[in-house]
Each structure stands twice: as C-alpha cells, then as structure tokens.
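Breakdown of the fold
Listed below are the residues making up each chain.
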Amino acid sequence: MKLRVVLVGPPGAGKGTQAQFLSAQFDIVQISTGDIFRANVGNGTKLGLEAKKYMDVGDLVPDSVTIAMVNDRLAEDDVRHGFLLDGFPRNVEQAAALDGLLEELGSGLDAVLEMQVDNDEIVRRLAGRRTCHGCGQIWHVDYDPTKVEGVCDTCGGELYQREDDQPATIRRRLEVYDEQTSPLVSYYAERGLLVALSATGDVEGVTARAIEALKRATG
Ligand code: AP5
C-alpha cells in the first residue's frame, strides 16, 4: 500500500520507535527531521552547526532551514512509494509549506497519526532513552533494556544519551510542543486527516493499534 503519513506527538511519545515498525509494515521510507539534524551535527556540517544551536536548548530550528531540507528529501526517488514523516511538520507554517510541496509533487497526505501520552510518562521515557551510535536503534533502560548495559543488541554499537534529554531541555521541548506543534491537531482535524492514537501501554500494543488505525483511515 502506498501511504503518505505524518506522525505528530510530544517529545518521547514514541514517534521514532513506532516509525521504525510502521515504515517496515507499510514498506515506506521513514523521514525524521530530528535524525537528519543529528546526523549533520555528528558530521559537523554547516547545517549541523546551525541546527545544534537550537536543538541544545530545545527550540525549533528555523523554518527556512527545515523546510528547505525537507523539500530536498521529498525530491528523492524513494519517496514516490510513500513516506512516513516523523517530527515534521512542527508548526502551522511548516504544515502549510508541506501542503505546497506535496501539491507540486501531485499528491497529498493520507493520514496524520497523533500519538497521545501524558507528561509524567514522557519524562520517564526521555530520561531512560538510549540510542545506538551504530544503527540508530532506540532503547530504554527500564522499558526496553539491552542485554548488556550500554551495548546495542542489534549491532553491538555503543549506546548514548541524547544531549537534549536533560531535564531543563525536556521542559523547554514540552513547552514548544504545546505552543507551536499542538495547533497542528486542529489543523489536520479540519482537513479530515487526523487519527488519534493512545500511545501508552507496551510498544507492541501501540504498534498493533497504529497499524489498525492507519488501515481503517486509509482503507
Ligand atoms: P526530534 O528528534 O524530532 O525529537 P522529538 O520530537 O522531541 O521526539 P523524540 O525523538 O524525543 O521522541 P519520540 O517521540 O521519537 O520518542 P522515542 O520513540 O525516541 O527533534 C529533536 C530536535 O530537533 C527538536 O527539539 C528541534 O530542535 C529539532 N527539530 C526536529 N524536527 C524539527 C522541525 N520539523 N522543525 C524544527 N526543528 C526540528 O521514544 C522515547 C523513549 O521511550 C525511548 O527510550 C523508547 O524506547 C521509549 N518508548 C517508546 N514507546 C514506548 C512505549 N510504548 N512504552 C514504553 N517505552 C516506550
């Protein structure tokens, strides 16, 4: 099935975790603006140096930078078979820009999955998150621990804690979500695209409900 889907949800809702399963299930590419920024930070590119200033304090990278980056990514060939956007759009300006980019490509979105989790759970998830340097797999020290502490079960790579998962930065990211990103819920509801999903409970259960909800919405 060719699907064009956006995942919306607060930091730590499980967007990256679910994006890995959903992109495999529907055979579509996962595009995470956060992952693209982090790869650029890691490689010390000009884009990475610019993005880091904002990411380190939990603010959004300016729209001009982000939209240009997504524009380039959506021009690549693999996107023609469908895509799952994780972390974009992040405000109404980016959503309007995405509408324009997709119109130029002669397509539109099929669904926007809103992942709902309460704030206490978000803080627990982010505080315990660990990510693999090697393959990018996401783990959690309590909810999804590796067999050997600090070592990825999938590829043997070293795990790290994201710099923006410090308490003050988490608080700022939650504020930014409430102020700038949550208006997207009504933006997409008005367009008949919104699919609300409870993202609490175990990962497998959330994946099963997400697949079911997407099939029903796009069926
Ligand atoms: P980004 O990387 O997009 O971060 P985010 O939206 O804050 O989301 P996270 O990646 O923190 O969480 P997630 O929902 O993916 O949760 P995860 O699956 O990891 O953005 C980072 C920064 O980049 C932004 O602050 C901004 O500066 C910049 N940026 C990115 N996009 C931008 C844009 N469009 N415009 C401007 N700036 C942008 O799960 C979290 C933890 O919970 C993991 O440990 C996981 O194992 C665990 N977990 C997941 N699901 C469950 C479950 N069901 N039960 C128990 N544990 C679970």
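Structure: above.
The sections below set out a description of the structure shown in this document.

A few points about the sheet that holds strand β3 (residues 83–86)
The parallel open sheet is built from 5 strands, whose spatial order is β2-β3-β1-β4-β8. Each end of this open sheet is capped by a strand with a single partner; those strands are β2 (29–32) and β8 (194–198). The sheet shows a mean angle of 20° between the axes of neighbouring strands, direction not considered. Two elements, strand β4 (residues 111–116) and β8, share 5 bridges in a ladder whose sense is parallel. Paired with Q116 across the two strands is S198, which belongs to β8. This element, helix α9 (residues 203–218), spans β1 (4–8), β4 and β8 of the sheet and lies at about 160° to β8.

Points about the side chain of T169
Residue position: T169 is located in helix α7 (residues 167–181). T169 has contacts with M55, D56, V57, G58 and D164, leaving out every residue within four places of it along the chain.

Thoughts on the environment of R209
Position of R209 relative to the elements: it lies in helix α9. Judged by relative accessible area, which is 36%, R209 ranks as partly exposed. Here the alpha-carbon distance between R209 and L197, two residues 12 residues apart in the chain, equals 7.6 Å. Apart from the residues within four sequence positions on either side, R209 is in contact with L197, S198 and T200.

Quick look at unusual backbone geometry
Omega for the bond connecting F88 with P89 falls within 30 degrees of zero, at 0°, which places this linkage in the cis form. By the secondary structure assignment, P89 is in the loop between β3 and α5 (92–104). The backbone phi angle of D27 is positive, close to 55°, even though this residue is not glycine.

Considering the pattern of salt bridges
Under the counting rule described, the total for this entry stands at 18 salt bridges. With a shortest N-O distance of 2.6 Å, K52 and D56 are connected by a salt bridge. Classification of K52 as partly exposed rests on a relative accessible area of 28%. Taking relative accessible area as the criterion, D56 reaches 32% and is therefore assigned partly exposed. The salt bridge partner of R172 is E175, with a shortest N-O separation of 2.9 Å. On the criterion of helical spacing, the pair formed by R172 and E175 is a turn pair, its members being 3 residues apart in helix α7. Owing to a relative accessible area of 26%, R172 belongs among the partly exposed residues under this scheme. The exposure class assigned to E175 is partly exposed, which follows from its relative accessible area of 38%.

Notes on the sheet that holds strand β7 (residues 159–160)
Strand order in the open sheet made by the 3 strands is β6-β5-β7, with antiparallel pairing throughout. Looking at the sheet topology across the chains shown, the edges are occupied by β6 (138–140) and β7.

Reading guide: rules and limits
Residues numbered from 1 in each chain as written. Predicted model: local features only at pLDDT ≥ 70, side-chain atom pairs only at ≥ 80, totals over all residues. Heavy atoms only, no water. Pairing = 2+ DSSP bridges. Helix = DSSP H or I, 4+ residues; strand = E, 2+ residues; numbered from the N terminus. Axes fitted to C-alpha atoms, helices over the stretch in contact; angles between N-to-C directions. Contact = heavy atoms within 4.5 Å. Buried < 20%, exposed > 50% of the residue type's maximum accessible area, 1.4 Å probe, protein only. Salt bridge = Lys/Arg side-chain N within 4 Å of Asp/Glu carboxyl O.

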